[in-house]
Amino acid sequence: MIEEHTIGEFTLVTLLDGIFLCSTDMIKAAASEEGAALFKSAGLPASGPVPEPINAFLLKKNDELWLIDAGCGRELGPRFGKASAALLSAGYALDQIQGVIISHMHEDHVGGLIKEDGSALYPNATLFLSHEELAFWTDPTAPEKHPQMSQAGLFKLANSALTAYAPRIKALPADAHVIPGVSLIPLHGHTPGHSGIQIESGGQRVLIWGDVIHSTLLQLRYPHWSIGFDMDPVQALDTRVRLLERLAHEDMLVTGPHVMGIGHVHTCCAGGYELKLVSRT
Ligand SMILES: [Zn+2]
């Protein structure tokens, strides 16, 4: 099933790339009584894990087609990398995509930008990302400063993707308009230039919040539960707490690369939040 929402002139289509198992190794605070209660409330074993999605998104306005993130490609094995197939099965061609807006350059967001031979999977697309994100991944001293990420091949992958799109990369200020109605929103911490993408049209707004949340089950109820992949855990936590507080008071729909569905954030249960999903619009 293809999940599709209308935001004024835009249509946002979720492209499921795969399902990952979010474990207590990733969110360590969930290895607790509170975590067990949450897992059980979702019908899961008390020690988890919880299945969560990896999504890319297609954004459409008339015959203009954009992607928001690109999924894993071949990076995490054969259970992942389905975003481009979802795009094709929705009736679109890869060469119709004119731009890809990247929240950040982790492998589950940019692996799907390139083919096995390293060339661009979306041959006519321009790559949009924040200045800070581009600067971080292209800093020649960064791999040395982040040896684990370097060993995991993250810098190599990010730079392969950047090379493939090299003549067509647009680095933007942290809160820039990408196109009319679509803006970057600085949500730094998960990575140095990590960005949300906000779509606004016809009086409606949707925020795709990037990797502020990796598990809606665990991190909405307990926003201070962080995931091990946050590069700056203090900043990422601050970003998440402030954003959820703001969203609880705003009429803004939200979704994300690791969110199933789209909905509104509401306060609940003593300091926590919940996502009230809306049906297809
Ligand atoms: Zn991610």
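The preceding data block contains the structure.
Residues numbered from 1 in each chain as written. Predicted model: local features only at pLDDT ≥ 70, side-chain atom pairs only at ≥ 80, totals over all residues. Heavy atoms only, no water.

Trainee: Looking at this structure, I do not really get the coordination of the zinc ion. What am I missing?
Mentor: Ligation of the zinc ion by protein atoms is provided by Asp-108 (OD), His-109 (NE2), Asp-211 (OD) and His-258 (NE2), these donors lying 2.1 to 2.2 Å from the ion. One can describe the site at the zinc ion as irregular: its 4 donor atoms subtend angles covering 89 to 168° at the metal. Spacing between the donor residues of the zinc ion along the chain follows D-H-x101-D-x46-H. For Asp-108, a relative accessible area of 10% translates into the label buried. What makes His-109 buried here is its relative accessible area of 0%. (Donors = N, O, S within 2.8 Å, 3.2 Å for Na, K, Ca; no water. Tetrahedral: all angles 85-135°; square planar, octahedral: opposite > 155°, others 65-115°. Buried < 20%, exposed > 50% of the residue type's maximum accessible area, 1.4 Å probe, protein only.)

Trainee: What am I meant to see in the nonpolar core here?
Mentor: Among soluble globular proteins, nonpolar side chains are generally buried collectively. Leu-113 and Tyr-122 are the most contacted members of the largest nonpolar core, which totals 37 residues. For this core, the secondary structure elements donating two or more residues are β2 (10-22), β3 (50-61), β4 (64-68), α2 (83-89), β5 (97-101), β6 (126-130), α4 (131-138) and α7 (154-164). Considering each element in turn, this core owes the most residues, 7 residues, to α7. Residues contacting Leu-113, with those up to four places away along its chain left out, are Ala-70, Val-100, Ile-102, Ser-119, Ala-120, Leu-121, Tyr-122, Leu-127, Ala-161 and Tyr-165. The next biggest cluster of nonpolar side chains, apart from the first, holds 21 residues, and it includes Phe-10, Ile-68, Leu-172 and Val-182. (Core = buried A, V, L, I, M, F, W, Y, C linked by side-chain atoms within 4.5 Å. Helix = DSSP H or I, 4+ residues; strand = E, 2+ residues; numbered from the N terminus. Contact = heavy atoms within 4.5 Å.)

Trainee: For this particular structure, what's the right way to read the environment of Ile-227?
Mentor: Relative to the helices and strands, Ile-227 is located in the loop between α8 (216-219) and α9 (233-247). Counting along the chain gives 13 residues from Ile-227 to His-214, while the straight-line C-alpha distance between them is 7.5 Å. The residues touching Ile-227, leaving out its near neighbours within four places in the chain, are Met-26, Ile-27, His-214 and Gln-219.

Trainee: What exactly am I supposed to notice about the side chain of Asp-17 here?
Mentor: Relative to the helices and strands, Asp-17 is located in strand β2. No salt bridge is formed by the buried Asp-17; its nearest oppositely charged neighbour, Lys-82, is found at 8.5 Å. (Lys, Arg positive; Asp, Glu negative; His and termini not counted. Salt bridge = Lys/Arg side-chain N within 4 Å of Asp/Glu carboxyl O.)

Trainee: Explain helix α1 (residues 33-41) here, please?
Mentor: Residue pairs spaced three or four apart in an α-helix point in one direction, given the helix's 3.6 residues per turn. Among the residues of α1, those classed as buried are Gly-35, Ala-36, Leu-38 and Phe-39. Here the buried residues of α1 occupy an arc of 165° about the axis, which is enough to place them on one side. Opposite the buried face of α1, by more than 90 degrees, sit the exposed residues Glu-33, Lys-40 and Ser-41. Residues of α1 that are buried make contact with β3 and α8. Following α1 by one or two positions, Gly-43 adopts a phi angle in the positive range, close to 75°. (Arc of directions from axis to C-beta.)

Trainee: Hey, could you run me through the packing of α4 against α7 in this one?
Mentor: The description of two helices packed together rests on the angle between their axes and the distance between the axes. Between α4 and α7, the least distance of the axes is 9 Å, while the angle of their chain directions is 120°. Taken together, the axis directions place α4 and α7 in an arrangement best described as oblique. Handedness of the crossing formed by α4 with α7: left-handed. Across the interface between the two elements, Leu-134, Phe-136, Trp-137 and Thr-138 from α4 touch Leu-154, Phe-155, Ala-158, Asn-159 and Leu-162 from α7. Residue classes in the contact of α4 with α7 are distributed as 7 nonpolar, 2 polar and no charged. (Axes fitted to C-alpha atoms, helices over the stretch in contact; angles between N-to-C directions. Parallel < 35°, antiparallel > 145°, perpendicular 65-115°, else oblique. Left-handed = near helix turned anticlockwise from the far one by under 90°. Nonpolar A, V, L, I, M, F, W, Y, C, P; charged D, E, K, R; others polar.)

Trainee: Could you clarify how one ought to interpret the pattern of salt bridges in this entry?
Mentor: Two side chains carrying opposite charge are able to pair once their charged atoms lie near each other. Throughout the structure, instances matching the rule amount to 6 salt bridges. Lys-145 is paired through a salt bridge with Asp-139; the nearest N and O atoms lie 3.8 Å apart. Salt-bridge contacts for Glu-250 lead to Arg-205; the nearest nitrogen and oxygen are separated by 3.2 Å. You can see Glu-250 sitting in the loop between α9 and β12 (253-255) and its partner Arg-205 sitting in strand β11 (residues 204-208), a full 45 residues away along the chain. Looking at Glu-250, the relative accessible area reads 25%, which means it is partly exposed. Given the relative accessible area of 24%, Arg-205 is considered partly exposed. Members of the salt-bridge network, linked through shared partners, are Arg-205, Arg-246 and Glu-250.

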